[in-house]
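Architecture at a glance
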Amino acid sequence: MKKLFVLCAWLCVAAAGPAAAQEVETFTDSRDGHVYKCVRIGDQVWMAENLAYLPRVDRVSDGQFEQERFWVYGYFGQSVEEAKQTDAYKNYGVIYNWLAARNSCPEGWHMPTEEEWEQLEITAGMDPADAPKRGWRESGDAGRKLKARTGWKENSGEDTFGFAVLPGGMRGYNDFESVPYCAYFWTASPSNGDNGWSRSFIFDENSIERTEDRRYVGMSVRCVRDN
């Protein structure tokens, strides 16, 4: 694999709330030249936007456990170039089934585990005792702090840390759903059977949901940098 290039010019970005500023850098994925904003939050460096790696486009009706699947919200064709011209791709990146999500972060980055998501949530103010719980965790208003300030149907976040979650929706059981109401992210941690753990944000809640879903469902991915 070709060596990836990191543009290490660090910038200061004003942030609302308890953090006065965050360190932001840009990263270029050498596979396709896509440039990502990245942000340091506590001891972690996260992509500050959804992964947009798109080697092909699959049909929305074609969900699989055993094969990688790639979709762009609301796009029903199979042209990569056409898909990349849509507003959904530009705003929300790509949605992946669990297997594709596991394999799509660039070299030097990886899909975060349950433990890494919990670390992010605790840094954002969640009570450490709540982080491993199933369902909607409300402590610390961590969801509001991680959601973007604009782009939601209503009740947008304050984006305290520059993480800027947007309501990119999902590929559900047979179709696309939930833009501009919800955001969904896979974690790298499998669950029982054919499920995987995930995180959900919704427009009318300041919390974050920890739950499981079937691995053929399509969700967004935020990569975290390797240590």
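Residues numbered from 1 in each chain as written. Predicted model: local features only at pLDDT ≥ 70, side-chain atom pairs only at ≥ 80, totals over all residues. Heavy atoms only, no water.

Regarding the sheet that holds strand β12 (residues 195-202)
As summarised here, the arrangement of the four strands in space is β8-β13-β12-β11, forming an open sheet in which the pairing is antiparallel. The outermost strands of the open sheet, each flanked by one partner alone, are β8 (135-137) and β11 (182-190). Geometrically, the sheet is characterised by an average inter-axis angle of 30° between neighbouring strands, direction not taken into account. By the bridge criterion, three bridges tie β8 to strand β13 (residues 208-214) in an arrangement that is antiparallel. Its bridge partner being in β13, G135 is matched across the sheet by R210. (Pairing = 2+ DSSP bridges. Helix = DSSP H or I, 4+ residues; strand = E, 2+ residues; numbered from the N terminus. Axes fitted to C-alpha atoms, helices over the stretch in contact; angles between N-to-C directions.)

As for the state of the cysteines
The tally for this structure, following the rule as stated, stands at one disulfide. With a sulfur-sulfur separation of 2.1 Å, C105 is cross-linked through a disulfide to C223. Classification of the bridge connecting C105 and C223 rests on its S-S torsion, roughly -95°, and on that basis the disulfide is left-handed. Of this pair, C105 sits in the loop between α3 (98-104) and β7 (109-110) while C223 sits in the loop between β13 and β14 (224-225), placing them 118 residues apart in sequence. (Disulfide = S-S within 2.5 Å.)

Observations concerning the confidence of the model for the chain
Averaged over all residues, the pLDDT of the chain equals 90, while 90% of them reach at least 70. Overall, residues 1-21 carries pLDDT values under 50, and its contacts beyond four positions in sequence, including any with other chains, amount to 50 contacts. (pLDDT = per-residue confidence, 0-100. Contact = heavy atoms within 4.5 Å.)

Here's the deal with helix α4 (residues 114-123)
For α4, the full list of buried residues reads E114, E116, W117, E118, L120 and E121. Note on α4: the residue one or two positions beyond its end, G125, has a positive phi of about 115°. (Buried < 20%, exposed > 50% of the residue type's maximum accessible area, 1.4 Å probe, protein only.)

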